[in-house]
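# Descriptive analysis of the structure
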Amino acid sequence: MKKRKNPFLIVLHRLIMPMLLLFFFSGGLFAEAHNNASNPSKVKNSILSTTKNFDFVVKGTVRDANGPLQGATVSEKGSSKQTLTNAAGEYTLTTSGPNSTLVFSFVGYASIEVKVSGKAVNDVTLQSSDGKLTDVVVTALGITRAKKSLGYSVGEIKGEDMNKVSQTNLLNSMAGKVSGVSINSTGGAPTSSVSVVIRGIRSLNTDNQPLFVVDGVPLKNSLNNVSSNTGGDNTIDYGNAISDINPNDIESLTVLKGPSAAALYGSRAGNGVILITTKSGKKAKGLGVTFSSNNEVATPYKFLETNQSYTVGNHPYTSANSSNSLDGTNIIDLAGTDTYRFGTPLNVGIKAIQWNSVKDASGNYIPTEMKGYNNLKNFVQNGVTSVNSLSIENSNDKDNYRFSFSNTANTGILPTTGLSRNNLGLNIEHKITDKFKVTTSLNYTRSKADNIAAGDRGGVYQDIIYLSPSIDVRQMQNYWLTPGIQQRAAITPVDLGLQGVTDYDFNNPYFTLNQVKNSFLRNRLFGNVKFDYQIDKHLTAFVRYSQDMLNERRETKISKSLKAERNGYYGLQNLFNTESNTDFLVNYKNNFNDFTLSASGGGNLQYVYGSNQQSYSQSGVGIVAPELFNLSNISSTGIRANGYSSQKALYSLYGTATVGYKDIAYLDITGRNDWSSTLPTNANAYFYPSASLSLIVNKMINFGTAVDLVKIRGGYASVGKDTDPYNLYGTLGIGSFGATTIQAVSGTLKNPALKPEQAISTELGIDLAFLKNRLRFEGTVYQSDNKNQVLGISTPPSSGYTSRQINAGLVRSEGIELQLGGTLITNKDWNWDLSVNYTKNNSYVISLANGVPYYQFWGDGPSGSWTYAKGQTIPNNFNADGSPMISDGKIGQIWDNKLLTVEDKTSPYYGWPLLDGGGGQQKFKGGAFNAKEIVGNFNPKLLLGVQTSLTYKRFTLSASIDTRLGGEFFSQTYRYVGSDAVLARQMDVGIKIPDAYKNNIPAYLKSNPDVFIKMSGFQSAHLVGGPTKALGGFEYEDNGEISYDGSFYPGVYSDGNGGYIENLGDPATTHYGYYTDAVTANWNFAKQNMFDASYIKLRELNLSFDLPKQWFGKAKVQGVSFGLYTRNIIIWTKAKSGIDPESAFYLQAGAQGNGSQFRQGIERYNVTPWTIPAGVKINVRF
Amino acid sequence: MKNFNRMWVGMLMLAFITFSCQKFEVINKDPNNLNTSDAAPDYLMANVLTSTAMDYGNLGSGNISGAIQHTAQDAWSSGYSNYDWSTSDWSGIYGRLRNNQVFLQKAQANNWKFHQGVALIMRAFNFGYIADFWGDAPYTAALKGDVDAAENRFPAFDSQESIYAGVIADLKAAIPLLAGSRSSHSEITPVTESSDVFYQGDNEKWARLANTLLLRYYLRISAKKDVKNDVEALANKVFTSNDDDFAMPLPGIDNNTSYQKNSAFGGASNYKRNKMSATLVTKLIALKDPRLVIMAEPIVVNSVVDASQFTAGDAVTLSKVNNGIRFINPAAAEALRFKQFNQSTYSTDRPWASPIDVVKNFYDTTPVYVGIPISYFGETYTYNINGTGGQSNSNNDYVSYMRKDIYDQKKGNLLKQRLASYNEVCFDLAEAAQKGWNVGGSAENWYNKGIEASFDLWDVFHTYQGDVDHYSGCVKDKETYLTQSNVAYDGTLNRIIEQKWIASWQASVEAYMDWRRTGLPTLNIGYVSKRGAIPLRFAYHNTELQSNTANTNAAINKLEESSYVGPDGKNSPWSKFWLLQGTGKPW
């Protein structure tokens, strides 16, 4: 930590920018002078124009609705004379005479013919062609292209489509709108991380997040935003900072899905690129002011279905229960204890002395009636979000600017939580000369949350869920027993002597919420300054310097008496990340007869630095004085500090060329070479090319007038990727044991011979449009092979090292994306658009390293996700015909322990559960890793998104719906709370025995062994019995009490001599336990807690209305629109588990090795109640 | 003009290329860690010593203490008390050995003899640990992951027998390196002293430790090898007093440096769920052993069976508390099939895994100290008719906790991570003498010395004399203790091992090893014991099995399945490895 920055690099960076500018200015100005004074070609031209009388020089400007168009073709009809417009949209063409006809054309626009008729100045405005397919899109390096000319698929969302419905998190507004893109949010709060994965898992060692580029500034984004800085569970998701971008500032968003599209962005583009262009003042016609206001209320409506009928008890209720009774008449509620059994029935008139009972005049506690409460519901509140934005824009010939300010204030459904954010944006463009332009874009965001509720175990939802339903959580709001020292838990009155004051299993939820404070303050500043210069009519160039700076301060304050940190906690963390890019690009554009050529070449210097400094109290040691949260309030033996910093540099040169033939074919080629500091110095350079082709078939073959477009496209790309800093050489860590200094050799083997990774992708697609573009179709198939991935693979611990960095493997991702759009109705008053997109992706591990048969993504409890490479035999898994299962390599499998069954096929008990000596279900081979079975896959079978928009005059109704079908997830919430009497479903899972069989249960069970004895699928339990007599429980004696929560697992157990004894309910041979669904089986197997992840969601529903201008009379109002919206309403889930399948992701703190903290197909306490938001949006333009 | 433009564009590119080729190695130098080559031997040593002490010490005062029936946990205790041993991961041990290897290499490169001796002993100790618990394991091919070759990536297993031979060879090799006066070892600096958390750089004590561990390992393999001459040669080189003990005091600063059962940093249950095992309590009461007072907390409420306290004919009310005494109703007890706990009949009163409940449950009216029977059926925190609390917060007034003022502490004079002790040496030599070997004293002599050393170690007749005097169930001095008929040496191995078992309190690994080797002392099996027998080994863990499959499977195939392996197959805690194969022990 001595040296953070390499001084050479600082100097380099200080020098490079002025140097480049100097080059640029001198070159540019010099060239300018050159042009005017001594350009021989120009002189020659002017001589020609005077000597040849027939020539007629025409000048003018070509514009579209938004302003000047650069690169438009101006040609003379019936002649080969043509030229291109410059950056100001200007052209000069020498024509054959004053009566010539000019043709103005530009891809994506309808061509215009203009008769010169002697006019020396001809300005034209081109209209963009009808329909959406001919739109111009922003592609790599900010190059604007006609979509038609692209040989690869890009997704595009217009800013207005993203902002119809207000989203505090930019990424959420992309959900369901672009095929091939899957968006998942891990929690309901605006501060939650959001994952964006384009075309499925491609990399085993990263979080597969795309690169974000805003106005040319690459922005750091990752999902590693979770930390659990205390010894106890306090897992906090600080969210990904990319979501701080102000959605209101977005002009357009382009998704470059495949490496062909993104190849020019290099290393980081392997998972796709999301290009964001912010609004500028270019479009403004004079001064414009826009004010918009969104206000929204989110009402919680669906909660995890918890047991509200019984206390969570030590023992089932009996009227003379020795431990639950105090003097035989009044019952003490032992609520709040973490035990397995359903206790006293609620809402049936039983009175008891409860935790909150008061004394009567004679000093005796007054029993009160025991009732059940829905504490989840009672705890949460309506969330409120307000977003107010103001933007001012202006433009004139020389300058344009846009300034914006936006304030977001959110209050979460958990009191005290929320987010507040201010965004400032400024875009300025200034033309120094007609050919020389400077633009700058600056964005500043300050976002802040005072309290983020911890997730996972230890979060406030866990405390609420575990609260016995007989306790009304609302009565616990006065959460201090001794302020600053001891929280008040819902426990039996102390003076009854049954429990000590500190004996609580879970915290008072209000204490957890208010006294475990996790806050952050994030400042992000990014922007660039760019100089564009038009060297001549064919050649333009720019140089740009961009900077992204992110500073985040996190603070955690925990008061004394939190169960997991009894002595309190204080921690402060400072994160700083910066990235600078200095790049230049030279563009050349020209037309040669029927061919058009556009070529660009450039380079980039990238420098990245990050640091993380942390000071905190050692877990368990805590703070000294209560309620003072300051580093000086931590004892000298209890304070800890650590820091980490890293830097890397990447230098690149790249080039691209597009050749177009007529309007028929376009060929793109690109090449890029990178030099990375993270690779071995003798092998740090790598080159990668790409090529793509677009054929407009309808220009070759006439399909008739109904066909507007038939385009076939295909692309090939290779992308190289470096690795993280410091992956080459082994290191030695320093720590302490008490006062003794210790050193440790890292157990991760680095690799001094790492090679760059390589992704090779191909895609093929077809775009169709019919009936004047009213029916549109796009289809793409793709395949992407990622080779030489830098993987941290597990090594045998006996080798002395636990993981090794290797270059290995081939991961293949392949899929289909379809998009169908139609304008169903369009006339003067009505317009109805409908678009459907479909995504299907599969990723495969084709090969790994020698001796490494599989790759593990995660393991949790009995479950996990790992994939055997294609062709590997999967141990202990068999096909239906009994043959060993050979892996197809498909990523996403979820595994579970196998149930031990009778394996002797000749036995009448074949396939029955083989129970242990105590009647418990057993794991096959003790649950050894290679004895588990595949029970599910976390990938969806398909994703379908539907957007529709219906306009009638000034009213527009739009909706976005998305559907996920297939795939499973493992709910650790269900497993955890299911081992205690918490879930409603646990009350009634036993096999029902009809009255006729009450005395011959074995006969009943044997009547249908496939259903009652053998197990299959995701059965929630497989036992006979119940938690109470009424619910089927058997008589059961425990510690001298007769209760009726006995139950047993159907099956057989060994008689010790090779035979079996039936455990089917015959009292002489059956092993009973108390109602154990909750315990053994729930804990040992994941199947009980696995769910189908299919869902249908109403992402957005919006009704907007444009107010007629005349309503405002002479007021300077240009337009007012008014909208009502709602979003993210879960319409249907197949599992009905009360858990949003979209939240079936687990962000784990500190997860290393696999590169990502983001685990798919598993959920842990993501039980935020579902909400219905309802919002109003008003937009006023002056 | 165009040429000019191209020229400066070219220059720009050139500038990029020139800049891009420099100083990458500087940028990519990790500013957060040292290079492995910069390792300081003393700090590596401190790492190896402290991590060995915490790991092995916690095993001795924790899980193995449960296995050997010294203590019991009454919540989340299926592994601790019911012998439901899941597979065990040796990653920590091999990780430590990785550091030790660099430590040894550095010490050899510097020609630092003391450090080499310590490194050899720690290598022997940790590989001995692996061989003791798992059996066959990578040894000669281990720890070479940094040397890139296929055979290093997937280390082959060595036989348990050859690992023991290597352990003995390392210990022998360490002794001459540690010889000589302290002043002759200039490599021992003040940093060495503070890094040596066991002996503060005392080379002579390390040499005695090497000999002591040799004695341990010769006895370990004595059923398979003739070790008489080796043991006889050691007799006067081993520990000579409690001061020689291989024990690390605990810093007690945070959870990682404190006694594992204290509740200062974590929840109260960390201490509260630790109770006394009935097996040990019953034995100590029978021996009138005063060490019980430094182990256990007296129960809060004594119980008596007294029909007169209940209404005649009441066969429902099992118990009630009156004036601080809990009365048990014999009529209700009979009706509910409750029985007074009896250590000698426990295993037959409720036979293992029998579905027929002749005796449904137990109570224990023993005064002052009550332990929990091994593998007790049901929610263990309810043992002895306790009605309150749950898994993590039970207050059981009828069962003995571990003594709170000693064991609910971060550190203490008695709370050390004890890895080898003088009393163990005494009992080892008593056993050798009992076999008729010449070890410089009679079996009885060494046996008595061992007991006395244990009393001294636990301060029984010094600091805790007052408590000893107060407890009527024990003798008040060493001499009386030693002359009792059930204590006095009677020529049997049983007696030696029984006392060694008691003396291994909080350092119980050796007691477990002795039980496995000799079947002594007789331990119980309870109704919900996982397989009806105490396990013999740790099963290979997935971490090795997953990444070194072929070699691990080859080792598994060499294991001998016992009738208790159940569905585990050969990789079972109930399989026998080389050390036990053919010995007929412990069962």
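Residues numbered from 1 in each chain as written. Chains lettered and ligands numbered in written order. Predicted model: local features only at pLDDT ≥ 70, side-chain atom pairs only at ≥ 80, totals over all residues. Heavy atoms only, no water.

This part covers the packing of aromatic side chains. Applying the stated criterion across every chain, the model contains 72 aromatic pairs over all chains. With centroids separated by 6.0 Å and ring planes inclined at 25 degrees, the aromatic side chains of Tyr199 of chain B and Phe246 of chain B adopt a geometry described as stacked. Placement of Tyr199 of chain B in the loop between helix H10 (190-195) and helix H11 (203-220) and of Phe246 of chain B in strand E3 (residues 246-249) is noted, with a sequence separation of 47 residues between them. Here Tyr199 of chain B and Phe246 of chain B have matching classes, each one buried. Arranged with centres 6.3 Å apart and planes meeting at 85 degrees, the rings of Phe341 of chain B and Phe362 of chain B form a pair that is edge-to-face. Linking Phe341 of chain B in the loop between strand E8 (338-340) and helix H17 (346-349) with Phe362 of chain B in strand E9 (residues 361-363), this pair joins segments that are 21 residues apart in sequence. In terms of burial, Phe341 of chain B and Phe362 of chain B fall into one category: buried. Cation over ring: Arg199 of chain A sits above Tyr782 of chain A, and NZ or CZ is 4.2 Å from the ring centre. Across from the ring centre of Tyr540 of chain B, 4.8 Å away, lies the NZ or CZ of Arg537 of chain B, which sits over that ring. (Phe/Tyr/Trp six-rings, centres within 6.5 Å; stacked < 30°, edge-to-face > 60°. Helix = DSSP H or I, 4+ residues; strand = E, 2+ residues; numbered from the N terminus. Buried < 20%, exposed > 50% of the residue type's maximum accessible area, 1.4 Å probe, protein only. Lys NZ or Arg CZ within 6 Å of the ring centre and 35° of its normal.)

Either a parallel or an antiparallel arrangement is found when strands of a sheet pair, and the pairing is made through backbone hydrogen bonds. Residue and element names in this part refer to chain A. Reading across the sheet, the 4 strands line up as E4-E3-E6-E7 and stay open at both edges, with antiparallel pairing between neighbours. Each edge of the open sheet is held by one strand with a lone partner, namely strand E4 (82-84) and strand E7 (112-115). Taken over all neighbouring pairs, the strand axes of this sheet differ in orientation by 20 degrees on average, direction set aside. Both strand E3 (residues 73-76) and E4 contribute to a ladder of 3 bridges, which runs antiparallel. Residue Val74 lies in a different strand from E4, and its bridge partner there is Thr83. (Pairing = 2+ DSSP bridges. Axes fitted to C-alpha atoms, helices over the stretch in contact; angles between N-to-C directions.)

Averaged over every residue, the pLDDT of chain B is 92; residues scoring 70 or more account for 94%. Across the interface, the model reports ipTM at 0.90; the global pTM reads 0.86. (pLDDT = per-residue confidence, 0-100.)

Taken in spatial order, the 3 strands line up as E42(A)-E41(A)-E1(B) in an open sheet, and their pairing is antiparallel. Looking along the sheet, the strands with just one partner apiece sit at the ends: strand E42 (740-745) of chain A together with strand E1 (34-35) of chain B. Packing of helix H3 (residues 41-61) of chain B onto the sheet brings it into contact with strand E41 (731-737) and E42 of chain A, and relative to E42 of chain A it is tilted by some 95 degrees. (Contact = heavy atoms within 4.5 Å.)

What follows concerns the packing of H11 of chain B against helix H19 (residues 422-434) of chain B. Residue and element names in this part refer to chain B. At a closest axis distance of 10 Å, the pairing of H11 and H19 adopts a crossing angle of 45 degrees. Relative to H19, the element H11 lies oblique. Here H11 and H19 pass one another in a crossing that is left-handed. For the pair H11 and H19, contact is made by Thr212, Leu215, Arg216 and Leu219 and by Glu424, Val425, Asp428, Leu429 and Glu431, respectively. (Parallel < 35°, antiparallel > 145°, perpendicular 65-115°, else oblique. Left-handed = near helix turned anticlockwise from the far one by under 90°.)

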